[in-house]
Amino acid sequence: MRRHSYRDRLTSPLPGPRDFVKIMREGGFRGSTANADRIPVMRTGLPPLPPGAASWTWIGHASYLVRIGGLCVLTDPVWSARIPGTPPRLTPPGLPWNDLPPIDAVVISHDHYDHLDAPTLRRLPRSTPILVGAGLGRWFRLRGFHAVTELEWWEHTEIAGVRFDFTPTHHWSRRGLFDTCASLWGGWVITAPDGTRTYHAGDSGYGHRFVEVGERYPGIGVAMMPIGAYEPRWFMRYVHMTPAESVRAVADLGAHTMACMHWGTFVLTKEPVDEPLQLVRKEWAAAGGDPANLWSLAVGETRSLGAGDE
């Protein structure tokens with residue numbers, strides 16, 4: 001069966017063989033783990049959620065448990081000790097799998113192995129609602145999931161009154177050797193019936209699409225933003241943001257609070273593993289941001305917002 005291609009959605013060329021040869025000559029992708037013990041971990045369990053509040057718990061990498069509008073939502077869930085092509089994870093998942101509440105929905109940003117983890121997903125009941133970009137639903141249906149919704153950019157669906165919108169990012173997709181850009185990548189805007197609105201960026205380089213998202217979805221309270229996997233810049237600049245670019249993207253979105261992710265879990269690129277945290281705090285301060293509105297969470301840490309807090 002011929003696959004659909006979303007290459008026309010790319011905003012930059014994909015790396016070619018010469019790029020990979022160059023990066024191997026420069027020493028590969030792996031950064032220093034010398035300061036891995038500086039990555040904060042707070043595995044103290046999931047606190048109760050006050051009535052009318054929403055909460056965000058960082059599991060690690062791009063995985064969050066978001067409790068919003070009465071639902072428990074997992075973003076890009078990865079509980080595996082390692083993923084293909086990388087060393088073992090540096091920090092444990094912020095919550096043990098068996099301590100999770102019942103999951104009402106899972107949102108997947110794209111199909112790269114650090115965001116779509118088959119061993120983790122096998123743990124879910126096959127009736128779990130799964131929300132994905134166009135072209136990715138077949139992967140889930142082949143594995144027995146039967147409540148799968150595929151969305152194009154700017155399309156939405158609802159679960160129990162909570163709205164999920166799939167939004168553009170500057171990235172790409174590939175799961176195997178022959179499916180480059182065969183499914184659509186993106187971010188998620190999640191809006192509760194009371195108007196509480198949060199955003200999960202998935203993976204993205206910096207670009208104009210953050211302004212577009214902010215214009216279409218004003219009032220984003222918490223934006224879950226990637227801050228790691230950015231070196232070397234000549235290779236990563238089009239698909240992963242630096243901490244400074246992530247801070248700028250939050251301003252483009254018009255979001256109130258930035259919740260960090262995509263660092264401190266897997267060694268994917270050349271920067272030292274503790275550098276993203278140091279830099280994002282520096283860049284947030286340089287931009288004049290209120291320190292209280294930068295959630296540089298520990299693995300396992302939960303933050304909550306009640307009605308009117310945003």
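Residues numbered from 1 in each chain as written. Predicted model: local features only at pLDDT ≥ 70, side-chain atom pairs only at ≥ 80, totals over all residues. Heavy atoms only, no water.

If you check an unreviewed UniProt entry, the chain appears there as L-ascorbate metabolism protein UlaG, beta-lactamase superfamily from Haloechinothrix alba.

(A) Representation of the UniProt feature "domain: Metallo-beta-lactamase" (unreviewed entry) in the chain within the structure. Summarizing the sequence annotation, UniProt attributes the feature "domain: Metallo-beta-lactamase" (unreviewed entry) to residues 73-263 in the numbering used throughout. Secondary structure content for residues 73-263 is 17% helix and 23% strand, while the C-alpha to C-alpha distance between its ends is 20 Å. (UniProt positions renumbered as here; feature names shortened; annotations may be inferred. Helix = DSSP H or I, 4+ residues; strand = E, 2+ residues; numbered from the N terminus.)

(B) Local environment of the pairing of strand β10 (residues 197-200). Burial along β10 is two-sided: the face carrying R197 and Y199 and the face carrying T198 and H200 are both buried. Here four bridges tie strand β9 (residues 187-191) to β10, and the two strands are oriented antiparallel to one another. Residue W188 lies in a different strand from β10, and its bridge partner there is H200. Counted along the chain from β9 to the antiparallel partner β10, the turn is five residues long, and its residue G195 has a positive phi close to 95°. Examined bridge by bridge, β10 and strand β11 (residues 222-226) share three bridges and lie parallel to one another. From the neighbouring strand, H200 faces β11, where its bridge partner is M224. (Buried < 20%, exposed > 50% of the residue type's maximum accessible area, 1.4 Å probe, protein only. Pairing = 2+ DSSP bridges.)

(C) Just the sheet that holds strand β7 (residues 156-159), in detail. Sheet architecture is open: seven strands sit in the order β7-β8-β9-β10-β11-β12-β13, paired in mixed fashion. Each of the sheet's edge strands pairs with one partner strand only, and the pair in question is β7 and β13 (294-295). As paired elements, strand β8 (residues 162-167) and β9 share five bridges and run antiparallel to each other. Note that in β9 the partner of D165 across the bridge is V189.

(D) Spotlight on the pattern of salt bridges. Under the definition given, this model contains seven salt bridges. Measuring nitrogen to oxygen at the nearest pair gives 3.0 Å for the salt bridge that ties R141 to E150. A relative accessible area of 42% means that R141 is categorised as partly exposed. We classify E150 as partly exposed; its relative accessible area is 29%. With a closest N to O distance of 3.0 Å, E245 and R233 form a salt bridge. Residue E245 is located in helix α6 (residues 243-253), and its partner R233 is located in helix α5 (residues 233-236); the two are separated by 12 residues in the primary sequence. We classify E245 as partly exposed; its relative accessible area is 22%. Because the salt bridges share partners, they merge into one network encompassing D8, R9 and E152. (Salt bridge = Lys/Arg side-chain N within 4 Å of Asp/Glu carboxyl O.)

(E) Looking closely at the side chain of D203. Within the secondary structure layout, D203 lies in the loop between β10 and α4 (209-216). Despite being buried, D203 has no salt bridge partner; R233 is the closest side chain of opposite charge, sitting 11 Å away. Within polar-contact distance, the side chain of D203 engages the side chain of H115 at 3.1 Å. Of note is the side chain of D203, whose polar atom sits 3.3 Å from the side chain of H240. Every residue in contact with D203, bar those within four places of it in the chain, is listed here: S109, H110, D114, H115, T169, H170, H171, V239, H240 and H262. (Lys, Arg positive; Asp, Glu negative; His and termini not counted. Polar contact = N/O pair within 3.5 Å; in protein donor to acceptor, adjacent residues only side chain to side chain. Contact = heavy atoms within 4.5 Å.)

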